Amino acid sequence: MPKIFGPDIKLFSVPDKKADGTQWTAFDSAADVGIVQDALNILRNTVAKIPTCDQYFVSLPRRRSFVDVLNDDNVWICYDPTGPDAGETVGRYITIGKKTLKAGRWQVAATLVHELAHVGGAEDTNAQAETALIHCGLKAHFVPSNTSTPASSPGNRPRR
């Protein structure tokens, strides 16, 4: 299961802050940690039981099932207090934005599915990460604008 980076945990290496303000920091609010834990429970107790979710994740470049990625204890969930995106992933470090947390546990769960798809090798340029929501029972959270790189900013990931 991914670990939540909180105030009592020391991480010696996290991705560098991005130019757009995206950060990978420790959660500083017990309420926010609770929302992430609730979202992880949704993933474990509902999403992980959807066969098409596992099938879709196995089709991604790293060929790992959703359950395998969800059970990866080398994945870290961090907090992003200032970045513009709902979430961002670098390697096995996921960061969840402030606005996403305010939207609640289901939005955090959907964002985590998108970001876990990146851990599984999905890219945004071909809609792989966002399409995971459709296969994982979260179609209501699918955002079409998250399926391709915006023309005005080549090379940048779209906003989730």
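Structure: see above.
Definitions and limits used
- Residues numbered from 1 in each chain as written.
- Predicted model: local features only at pLDDT ≥ 70, side-chain atom pairs only at ≥ 80, totals over all residues.
- Heavy atoms only, no water.
- Helix = DSSP H or I, 4+ residues; strand = E, 2+ residues; numbered from the N terminus.
- Buried < 20%, exposed > 50% of the residue type's maximum accessible area, 1.4 Å probe, protein only.
- Contact = heavy atoms within 4.5 Å.
- Areas by Shrake-Rupley, 256 points an atom, 1.4 Å probe, with all protein chains shown as cover.
- Phe/Tyr/Trp six-rings, centres within 6.5 Å; stacked < 30°, edge-to-face > 60°.
- Pairing = 2+ DSSP bridges.
- Axes fitted to C-alpha atoms, helices over the stretch in contact; angles between N-to-C directions.
- Parallel < 35°, antiparallel > 145°, perpendicular 65-115°, else oblique.
- Left-handed = near helix turned anticlockwise from the far one by under 90°.
- Nonpolar A, V, L, I, M, F, W, Y, C, P; charged D, E, K, R; others polar.
- Core = buried A, V, L, I, M, F, W, Y, C linked by side-chain atoms within 4.5 Å.
- Salt bridge = Lys/Arg side-chain N within 4 Å of Asp/Glu carboxyl O.

**So, the overall build of the protein**
No. 1: Along the protein, the regular secondary structure elements total 6 helices and 4 strands.
No. 2: Ordering the α and β elements of the protein from the N terminus gives β-α-α-α-β-β-β-α-α-α.
No. 3: The buried share of the protein, taken over its 160 residues, is 48%.
No. 4: A fraction of 59% describes how many contacts in the protein between residues 6 or more apart in sequence connect residues 24 or more apart.
No. 5: Entry remark: accessible area of the protein is about 7,700 Å², with carbon and sulfur atoms responsible for 52%.

**Here we look at the packing of aromatic side chains**
No. 1: On inspection of all chains with the given rule, the structure shows 2 aromatic pairs.
No. 2: On the basis of an interplanar angle of 35° and a centroid distance of 5.4 Å, the ring pair of phenylalanine 27 and tyrosine 79 is categorised as tilted. Of this pair, phenylalanine 27 sits in the loop between strand 1 (3-4) and helix 1 (30-45) while tyrosine 79 is found in strand 2 (residues 76-80), placing the two residues 52 residues apart along the sequence.
No. 3: Overall, tyrosine 79 belongs to the buried group, its relative accessible area being 7%.
No. 4: Measuring from centroid to centroid gives 5.1 Å for phenylalanine 57 and phenylalanine 66, while their planes differ by 75°, and the two rings are edge-to-face.
No. 5: Given the relative accessible area of 0%, phenylalanine 57 is considered buried.

**Let's talk about the sheet that holds strand 1**
No. 1: The strand order across the open sheet built from 4 strands is 1-2-4-3, with neighbouring strands paired in mixed fashion. Every other strand in the sheet has two partners, leaving strand 1 and strand 3 (87-90) as the edge strands with one partner each.
No. 2: Direction of pairing for strand 3 relative to strand 4 (residues 93-97): antiparallel, over a ladder of 4 bridges. Its bridge partner lying in strand 4, valine 90 is registered against tyrosine 93.

**Some remarks on the pairing of strand 4**
No. 1: The element strand 4 is extensively covered by neighbouring structure, given that 4 of its 5 residues are classed as buried.
No. 2: The pairing of strand 2 with strand 4 spans 5 bridges and is parallel. If you follow cysteine 78 over to strand 4, its bridge partner there is threonine 95.
No. 3: Turn length for the strand 3-strand 4 hairpin, with the two strands adjacent in sequence and antiparallel, is 2 residues, and the turn residue glycine 91 shows positive phi of about 60°.

**Observations regarding the packing of helix 1 against helix 5 (residues 105-119)**
Axes are the key here: two packed helices are described by the angle between their axes and the distance separating the axes.
No. 1: Closest axis-to-axis distance for the helix 1/helix 5 pair is 8 Å, and the angle between their directions is 65°. Looking at the two axes, helix 1 sits roughly perpendicular to helix 5. Two packed elements cross with a definite hand, and for helix 1 against helix 5 that hand is right-handed. Residues Ile35, Val36, Asp38, Ala39, Leu40, Ile42 and Leu43 of helix 1 form the contact with helix 5, whose participating residues are Arg105, Trp106, Val108, Ala109, Leu112, Val113 and Leu116.
No. 2: Partitioning the contact of helix 1 with helix 5 into residue classes produces 12 nonpolar, no polar and 2 charged.

**Structural notes on the nonpolar core**
Considering soluble globular proteins, one finds that nonpolar side chains tend to be buried as a cluster.
No. 1: Counting residues in each nonpolar core, the largest one holds 37 residues, and the members touching the most others are Leu43, Val47, Phe57, Phe66, Leu112, Val113 and Leu116.
No. 2: Of all the secondary-structure elements, those providing two or more residues to this core are helix 1, helix 2 (51-58), helix 3 (66-70), strand 2, strand 4, helix 5 and helix 6 (128-135).
No. 3: When neighbours within four sequence positions are excluded, leucine 112 is seen to be in contact with Ala39, Leu40, Leu43, Ile77, Ile94 and Ile96.

**A short note on the pattern of salt bridges**
No. 1: Enumeration over the complete set of coordinates arrives at 3 salt bridges.
No. 2: Across the pair arginine 92 and aspartate 72 runs a salt bridge, and its minimum N-O distance is 3.3 Å. Taken together, the residues span a long stretch of sequence, with arginine 92 in the loop between strand 3 and strand 4 and aspartate 72 in the loop between helix 3 and strand 2 at a distance of 20 residues.
No. 3: A residue is classified by how much of its surface remains accessible, and arginine 92, at 35% relative accessible area, is partly exposed.
No. 4: When salt bridges that share partners are traced, they join Arg64, Asp72 and Arg92 into one network.

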